[in-house]
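# Coordinates in review
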Amino acid sequence: SQQGEEDPQALSIQEGENATMNCSYKTSINNLQWYRQNSGRGLVHLILIRSNEREKHSGRLRVTLDTSKKSSSLLITASRAADTASYFCATDRTGRRALTFGSGTRLQVQP
Amino acid sequence: EAGVVQSPRYKIIEKKQPVAFWCNPISGHNTLYWYRQNLGQGPELLIRYENEEAVDDSQLPKDRFSAERLKGVDSTLKIQPAELGDSAVYLCASSLGTGDNEQFFGPGTRLTVL
């Protein structure tokens, strides 16, 4: 079963705009991770935020985590056509060393 | 450094036939995972290995699915017999097994059961 739910399911923006994706989950976690998947390819790890962290940056990526609301957001700034992909949040649940993925957000960046 | 290697990349079979997928994890990664990803969904864990031991196989349909990880390195996932509903992408991932559990994924095997 899927632990997380991403919102929106699909997002279409113009190059240069910012893209925000949200993720909600159900159980306590050790950390939350975001992955990108290009069409027909495997998943690529983007960024990890631990349960005791509230915000993290990596290049054009900004992730926030609110454990009281069991939610996270991924912001991609100044988007590029190459950012077109599906983005998944995944939780590393307390007591279980396996990731539980959400259903993903499909991002389309128009050039 | 080579990433996670999977083969074949694509497989088309008739229902009731057997099929096997192979995975070679990143060197030094003790933990290996098999996930199944249905179209439009996120991956779902089938089985997790710590070295050669299957430590989490609660989501593996054991009536038709089997897996092994001999010598704690390569792994094989088998389906026998395959059903139409098994059509999906089968992803292998590996991690160090310590720390934050960042996982590295292979390209997957896309299975089509006709």
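A few points on the structure.

Okay, the overall build of chain A next. In terms of regular secondary structure, chain A is built from zero helices and eleven strands. Ordered by position from N to C terminus, the α and β elements of chain A give β-β-β-β-β-β-β-β-β-β-β. Relative to the globule expectation of 13 Å for 111 residues, the C-alpha radius of gyration of chain A, 13 Å, shows essentially globular dimensions. Projecting the C-alpha coordinates of chain A onto the three principal axes gives extents of approximately 45 × 30 × 20 Å. For chain A, the residues scored as buried account for 49% of the 111 residues in total. Of the contacts formed within chain A by residues at least 6 apart in sequence, a portion of 55% connects residues at least 24 apart. Carbon and sulfur atoms make up 44% of the accessible area of chain A, which totals about 5100 Å². When the 15 positive and 10 negative side-chain charges of chain A are each reduced to one mean point, those points stand 7 Å apart.

Time to look at the state of the cysteines. A covalent bond between the sulfur atoms of two cysteines is referred to as a disulfide. Inspection of every chain in the model, using the stated rule, returns two disulfides over all chains. The disulfide partner of Cys23(A) is Cys89(A), and the gap between their sulfur atoms is 2.0 Å. Across the disulfide from Cys23(A) to Cys89(A), rotation about the S-S bond amounts to roughly 65°, and the bridge is consequently right-handed. Taken together, the residues Cys23(A) in strand E3 (residues 19-24) and Cys89(A) in strand E9 (residues 85-93) connect sequence positions 66 residues apart. Cys89(A) matches Cys23(A) in its accessibility class, with the two residues each being buried. Here Cys23(B) connects covalently by a disulfide to Cys92(B), the sulfurs 1.9 Å from one another. The disulfide joining Cys23(B) to Cys92(B) has a torsion of about -70° about its S-S bond and is therefore left-handed. Separated by 69 residues along the polypeptide, Cys23(B) in strand E3 (residues 19-24) and Cys92(B) in strand E9 (residues 88-95) bring together distant segments of the chain. Cys92(B) shares its class with Cys23(B); the two are buried.

Right, let's get into the interface of chain A and chain B. At the interface, 23 residues of chain A touch 26 residues of chain B. Of the roughly 1900 Å² buried between chain A and chain B on both sides combined, carbon and sulfur atoms contribute 41%. Counting across the chain A and chain B interface gives zero salt bridges. Across the contact surface, chain A and chain B share three residue pairs in polar contact (both at pLDDT 80 or more). For the side of chain A that touches chain B, the secondary-structure elements that each account for two or more residues are strand E4 (29-37), strand E5 (43-50), E9 and strand E10 (99-101) of chain A. The residue inventory of the side of chain A that touches chain B, partitioned by class, reads seven nonpolar, ten polar and six charged.

Moving on, we come to the environment of Glu83(B). Residues and elements named next belong to chain B. Positionally, Glu83 belongs in the loop between strand E8 (75-79) and E9. Between the C-alpha atom of Glu83 and that of Gly28, which follows or precedes it by 55 residues, the distance is 35 Å. Beyond its immediate stretch of four places on either side in the chain, Glu83 contacts Arg64 and Val113.

Before going further, it helps to spend a moment on the layout of surface pockets. Taken as a whole, the largest pocket spans an internal volume of roughly 570 Å³. In terms of lining, the largest pocket is formed by 31 residues, of which the most central are Gln37(A), Gly40(A), Gln37(B), Leu39(B) and Arg110(B). Mapped by element, the contributors of at least two residues to the lining of the largest pocket are E9 and strand E11 (105-110) of chain A together with E9 and strand E11 (109-113) of chain B. Here the residues of the lining of the largest pocket sort into nine nonpolar, 18 polar and four charged.

Next up on the list: the sheet that holds E8(B). Residue and element names in this part refer to chain B. Pairing in this open sheet of four strands is antiparallel, and the strands run E1-E3-E8-E7 from one edge to the other. Here the strands that pair on one side only, and so sit at the sheet edges, are strand E1 (5-7) and strand E7 (65-68). Across the sheet, the mean angle from the axis of one strand to that of its neighbour is 15°, orientation sign disregarded. Taken together, the four bridges between E7 and E8 define a ladder with antiparallel strand orientation. For Glu68, the partnering residue across the bridge sits in E8 and is Thr76.

Analysis parameters
- Residues numbered from 1 in each chain as written.
- Chains lettered and ligands numbered in written order.
- Predicted model: local features only at pLDDT ≥ 70, side-chain atom pairs only at ≥ 80, totals over all residues.
- Heavy atoms only, no water.
- Helix = DSSP H or I, 4+ residues; strand = E, 2+ residues; numbered from the N terminus.
- Rg over C-alpha atoms; globule rule 2.2 N^0.38 Å.
- Buried < 20%, exposed > 50% of the residue type's maximum accessible area, 1.4 Å probe, protein only.
- Contact = heavy atoms within 4.5 Å.
- Areas by Shrake-Rupley, 256 points an atom, 1.4 Å probe, with all protein chains shown as cover.
- Lys, Arg positive; Asp, Glu negative; His and termini not counted.
- Charge placed at Lys NZ, Arg CZ, Asp CG, Glu CD.
- Disulfide = S-S within 2.5 Å.
- Buried area = accessible area lost by both parts, 1.4 Å probe.
- Salt bridge = Lys/Arg side-chain N within 4 Å of Asp/Glu carboxyl O.
- Polar contact = N/O pair within 3.5 Å; in protein donor to acceptor, adjacent residues only side chain to side chain.
- Nonpolar A, V, L, I, M, F, W, Y, C, P; charged D, E, K, R; others polar.
- 1 Å grid on protein atoms, 1.4 Å probe; cavity = no way out; pocket = protein on both sides within 12 Å on 5 of 7 lines; lining within 4 Å.
- Points joined across faces, edges and corners; volume = space filled by probe spheres on them.
- Pairing = 2+ DSSP bridges.
- Axes fitted to C-alpha atoms, helices over the stretch in contact; angles between N-to-C directions.

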